[in-house]
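# Understanding the architecture of this molecule
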Number of protein chains: 2
Amino acid sequence: MQRLKLLKAGWKLQTGYKGANHVNKSALFSREYSEGPSPFGLLFDIDGVLVRGRTPIPAAKQCFRKLVDHSGKYKVPVVFVTNAGNCMRQTKAEHLSQILETEVSPDQVMLSHSPLRMFTQFHKMCVLVSGQGPVKEVAHNLGFEDVITIDMLREAYPLLDVVDHDRRPKDTIPPTKGLRKIDAVILFGEPVRWETNLQLIVDVLLTNGDPDNNWNAVQYPHIPVLACNMDLLWMAEAKNPRFGHGMFLVCLENLYKKITGCDLKYEALIGKPSVVTYNYAELLIRQQAQKLGWTTPVKRFYAIGDNPMADIYGANLYNRYLQTSHKAKVQIQAKGGMDSPTESVSSSGQGEADDIHPEGCSSILVCTGVYSKDQEELPAGPSETVTEQKIFHGHRDFRFDPSLTQPSFVVNDVKEAVELVFQQEEWPLE
Amino acid sequence: MQRLKLLKAGWKLQTGYKGANHVNKSALFSREYSEGPSPFGLLFDIDGVLVRGRTPIPAAKQCFRKLVDHSGKYKVPVVFVTNAGNCMRQTKAEHLSQILETEVSPDQVMLSHSPLRMFTQFHKMCVLVSGQGPVKEVAHNLGFEDVITIDMLREAYPLLDVVDHDRRPKDTIPPTKGLRKIDAVILFGEPVRWETNLQLIVDVLLTNGDPDNNWNAVQYPHIPVLACNMDLLWMAEAKNPRFGHGMFLVCLENLYKKITGCDLKYEALIGKPSVVTYNYAELLIRQQAQKLGWTTPVKRFYAIGDNPMADIYGANLYNRYLQTSHKAKVQIQAKGGMDSPTESVSSSGQGEADDIHPEGCSSILVCTGVYSKDQEELPAGPSETVTEQKIFHGHRDFRFDPSLTQPSFVVNDVKEAVELVFQQEEWPLE
């Protein structure tokens, strides 16, 4: 029975996929409920799903009106999982509340860097942070105690940043003040003046954290680099996609390689499509479920996004992780064992039982953002993918599995996505 | 006799090279003079040879004092060949006059973009220019009639440049004004705010010159791209090399490739080490020789630089071009033919006789810039090169020939370089 259920609710919907180009209101898979509808949770991407740039997508407001009851309480746990990172959760929650005309709490918002809270081994190190906005405040809020910004580095080593003629030292050469040694580099999001950040980060990597040293490419691997938000492209108001932090990473990787001949190494890549991000989202969904007074664990996640390489790939990768985890558990139970499955990693560190993990995560692709039905042909079969012209727009370090870009469903917009989910789960939405 | 002379004065100084690590005052090759010393010309690189950042290198002032007579007239034709490009010749000449305490005329200065004057086929096209400083004025001075800057493009399409949160459209979405179609892109030098130029150039390339169009990677090859100054790194006051325009090109090439899967194509790569740059320098040297009242053509060039991949590679590549050219001429003469050698390209377009080209160009590497004897081991033999750790720091599109990074001579600084040349040529310097 357990096995049948897993097979039926499996992450990879081999059957029925061809028909999913438009909203397919017939069930693409069925679930069995012995005691009424199962509890589920919703993960919403923001850019390209709820907004484009600063402009709300009309369907978003309409569907959020239905997601709350008359007192503003959500009917199901809702978490916003964005790869944006150059801001605070509070700011993002306020912005969402405004555009959705529905109260969104900071606890429901997860930015690309949120999982860094769990990387406690780096919290006491001296870290160089790159991004824009309140990067220092963001870093402190995540638990980092000793934070150096690019601007601090520029000020301490005034001869390093000379691409802009107007920022070069004028008549006298300012003295180098120096700074404590940097132990790790954290890339929060796309900075401004990429030339400055690229030059200074490369300086730090080639000098083992102290730009007073000579460049020494022999120092390899370099000090740890942690990067949040790999999104190559995202949709704002412009008709064509705009550059995201992933593009900055492409620059950094290639400049480092051009100088040293070696690959830039990441200690961690955080944000969708990393599993670590979904582990953290799971924690937030669980907290939301508790707030709603739910006593049964959430059984299924629905991740709604516009980017095949981030939202869909990530949700499917996480689903695969859940399936592997459950399968291992089933095998152990069948053998009469009591150990936890080896591949199950507890994200919250609270050592909770494995059965509080959801059974699976479905991915729903909307056409209001990066992905558009007009521009791109949908795959004719499971061997093809929705990435444009089969060009890999994911990150260099993700071993690309084309099958993971296949969404469970494709719908026009977020309103259709939510309606589909409630219909699938046989929950009332109106 | 002619053949013997060519062999002796050949560009590749296979013998005696090992001893060239320090100033080797014994003649590394000998030349035969039937009627007194031969006329020669000097090509000086600027950054890392005469200055580091804004700081003059002391040896430069000393040696320039000797290069002019009591009335300030140069003893031999002198031309400054820099890969810098974000300024006007006039400005560069004034700066040089000041730091060398010797009058330098704008006619003696050649910037990386100077050869664009010869690219008349692009002069009537609508060109997008990228760089910093007076790019529009530079473009007009070179002969371009219809010039669009990145700032003009930003203003006409206000939704395109959104990496910097503070420059994103605020409350209302500004209207797209549009612009005439762009026919070609000219990259003068490293801009500021690389993210803006990278995004907008990619937009122009993917929309066939009209950012109102949808991105269409099928449009390949894209509209022509001409790039000046491929220098990856250069030496300013900082102890480690700084990013040059070559690094910006690495970013652009890799972002274009990441999005489209195709290679960015260059219509032309201008500046050292391109032969087109030396063709143009030859023209300037000839003009300087005329000013000095010389009636015999300049027989040999000495190119003094700090960058093995730009100055040395370029001088050697040009020397190889001259040798091939002369060899073809000798063969034709031996056959009694009267045609010009097929590989000889007239840079000035004046259809001058081939024998006004110099016979060869020697390369002299100084240790005051990118290349340093302390940091790098000199090659033990002709199969090894002076590039660091054998990592290719040249441009992607230059088929790398390691032998071309071997300088004819290695000296400490520019003063030693000039002394060596005058000794070689048996000309009085004092």
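Everything below is about the structure printed above this text.
Here goes a summary of the coordinates provided. (Residues numbered from 1 in each chain as written. Chains lettered and ligands numbered in written order. Predicted model: local features only at pLDDT ≥ 70, side-chain atom pairs only at ≥ 80, totals over all residues. Heavy atoms only, no water.)

## Regarding the overall build of chain A
Each helix and strand counted, chain A has 10 helices and 15 strands in total. Per-residue burial for chain A yields a buried fraction of 60% across its 430 residues. Counting contacts in chain A only where the partners sit at least 6 residues apart, residues at least 24 apart contribute 74% of the total. Working note: accessible area of chain A is about 17100 Å², and carbon and sulfur atoms make up 50% of it. (Helix = DSSP H or I, 4+ residues; strand = E, 2+ residues; numbered from the N terminus. Buried < 20%, exposed > 50% of the residue type's maximum accessible area, 1.4 Å probe, protein only. Contact = heavy atoms within 4.5 Å. Areas by Shrake-Rupley, 256 points an atom, 1.4 Å probe, with all protein chains shown as cover.)

## Here we look at the sheet that holds strand β7 (residues 146-149) of chain A
Paired through their backbone hydrogen bonds, the strands of a sheet run either parallel or antiparallel. Residues and elements named next belong to chain A. Spatial ordering of the open sheet is given by β7-β6-β8-β9-β12, a layout of five strands whose pairing is parallel. Single-partner strands in this sheet number two, and they are β7 and β12 (268-270). Here the strands of the sheet are splayed against their neighbours by 20° on average, with no regard to which way each runs. In terms of strand pairing, strand β8 (residues 184-187) meets strand β9 (residues 225-228) through three bridges, oriented parallel. Its bridge partner being in β9, Val185 is matched across the sheet by Val225. (Pairing = 2+ DSSP bridges. Axes fitted to C-alpha atoms, helices over the stretch in contact; angles between N-to-C directions.)

## With respect to the layout of surface pockets
In this model, the largest pocket occupies a volume close to 1100 Å³. Lining of the largest pocket is provided by 47 residues; of these, His165 and Arg168 of chain A together with Gly53, Lys92 and His95 of chain B occupy positions nearest its centre. Elements with a minimum of two residues in the lining of the largest pocket: α3 (89-100), β10 (233-234) and α9 (308-334) of chain B. The greatest single-element share of the lining of the largest pocket, amounting to five residues, is contributed by α3 of chain B. Lining the second largest pocket we find 43 residues, and of these Asp47, Ala84 and Lys92 of chain A together with His165 and Arg168 of chain B sit closest to its centre. (1 Å grid on protein atoms, 1.4 Å probe; cavity = no way out; pocket = protein on both sides within 12 Å on 5 of 7 lines; lining within 4 Å. Points joined across faces, edges and corners; volume = space filled by probe spheres on them.)

## With respect to the packing of aromatic side chains
By the definition in use, this model includes 28 aromatic pairs over all chains. Judged by centre distance (5.3 Å) and plane angle (85°), the rings of Phe40 of chain B and Phe422 of chain B are edge-to-face. Residue Phe40 of chain B is located in strand β1 (residues 40-44), and its partner Phe422 of chain B is located in helix α10 (residues 414-424); the two are separated by 382 residues in the primary sequence. The pair formed by Phe40 of chain B and Phe422 of chain B is uniform in burial state, with each residue classed as buried. Between the aromatic rings of Tyr220 of chain B and Tyr256 of chain B, the centroid separation amounts to 6.5 Å while the plane-to-plane angle is 25°, which identifies the pairing as stacked. Within this pair, whereas Tyr220 of chain B is found in the loop between α6 (194-206) and β9 (225-228), its partner Tyr256 of chain B is found in helix α7 (residues 245-260), the two being separated by 36 residues in sequence. Here the aromatic cluster, defined as three or more aromatic residues joined through ring pairs, consists of Phe40, Trp294, Tyr302, Phe422 and Trp427 of chain A. (Phe/Tyr/Trp six-rings, centres within 6.5 Å; stacked < 30°, edge-to-face > 60°.)

## Describing the nonpolar core
Trp194, Leu198 and Phe243 of chain A together with Trp194, Leu198 and Phe243 of chain B are the most contacted members of the largest nonpolar core, which totals 93 residues. With near-sequence residues (within four places) excluded, Leu198 of chain B lies in contact with Trp194, Phe243 and Cys251 of chain A together with Phe248, Cys251, Leu252 and Leu255 of chain B. (Core = buried A, V, L, I, M, F, W, Y, C linked by side-chain atoms within 4.5 Å.)

## Re the relation of the copies chain A and chain B
Mapping chain A onto chain B calls for a screw motion: a turn of 180° about the axis and a shift of 0.0 Å along it, with 0.0 Å RMSD after fitting. On this basis, the relationship between the two copies can be described by a two-fold rotation axis. Across chain A, the rotation axis passes nearest the C-alpha of Arg193 of chain A, at a separation of 2.1 Å. Both copies share a contact surface, since 100% of the interface residues of chain A are interface residues in chain B too. (Least-squares fit on C-alpha atoms with pLDDT ≥ 70 in both.)

## Topic: the pattern of salt bridges
Residues and elements named next belong to chain A. Overall, the coordinates contain 38 salt bridges over all chains when judged by the stated rule. A salt bridge links Asp107 to Lys291; its shortest N-O distance comes to 2.8 Å. Here Asp107, found in the loop between α3 (89-100) and β5 (109-110), pairs with Lys291, found in helix α8 (residues 275-291); they are 184 residues apart in sequence, far enough to count as distant. Exposure remark for Asp107: the relative accessible area of 34% places this residue in the partly exposed category. (Salt bridge = Lys/Arg side-chain N within 4 Å of Asp/Glu carboxyl O.)

## Topic: the packing of helix α7 (residues 245-260) of chain A against α7 of chain B
It is the contact of α7 of chain A with α7 of chain B, at a shortest axis distance of 9 Å, that shows an interaxial angle of 125°. The orientation of α7 of chain A with respect to α7 of chain B, classified from their angle, is oblique. Helix-helix and strand crossings are classified by hand; for α7 of chain A and α7 of chain B the assignment is right-handed. Touching Met247, Val250, Cys251, Asn254, Leu255, Lys258 and Ile259 of chain A of α7 of chain A are Met247, Val250, Cys251, Asn254, Leu255, Lys258 and Ile259 of chain B, all from α7 of chain B. Of the residues assigned to the contact of α7 of chain A with α7 of chain B, the class counts are 10 nonpolar, two polar and two charged. (Parallel < 35°, antiparallel > 145°, perpendicular 65-115°, else oblique. Left-handed = near helix turned anticlockwise from the far one by under 90°. Nonpolar A, V, L, I, M, F, W, Y, C, P; charged D, E, K, R; others polar.)

## Comments concerning helix α2 (residues 58-67) of chain A
Residues and elements named next belong to chain A. All of the buried residues along α2 are Ala59, Ala60, Cys63, Phe64, Lys66 and Leu67. Angular distribution of buried residues about the axis of α2 spans 155°; they occupy a single face of the element. Facing away from the buried side of α2 by over 90 degrees, the exposed positions are Pro58 and Arg65. Looking at the buried positions of α2, the neighbouring elements they touch are β1 (40-44), β4 (78-81), α3 and α10 (414-424). (Arc of directions from axis to C-beta.)

## Some points on the environment of Ala93 of chain A
Residue and element names in this part refer to chain A. Within the secondary structure, Ala93 sits in helix α3. The exposure class assigned to Ala93 is buried, which follows from its relative accessible area of 1%. Between the C-alpha atom of Ala93 and that of Asp263, which follows or precedes it by 170 residues, the distance is 37 Å. Contacts of Ala93, omitting those with residues within four sequence positions, involve Val104, Ser105, Pro106 and Val109.

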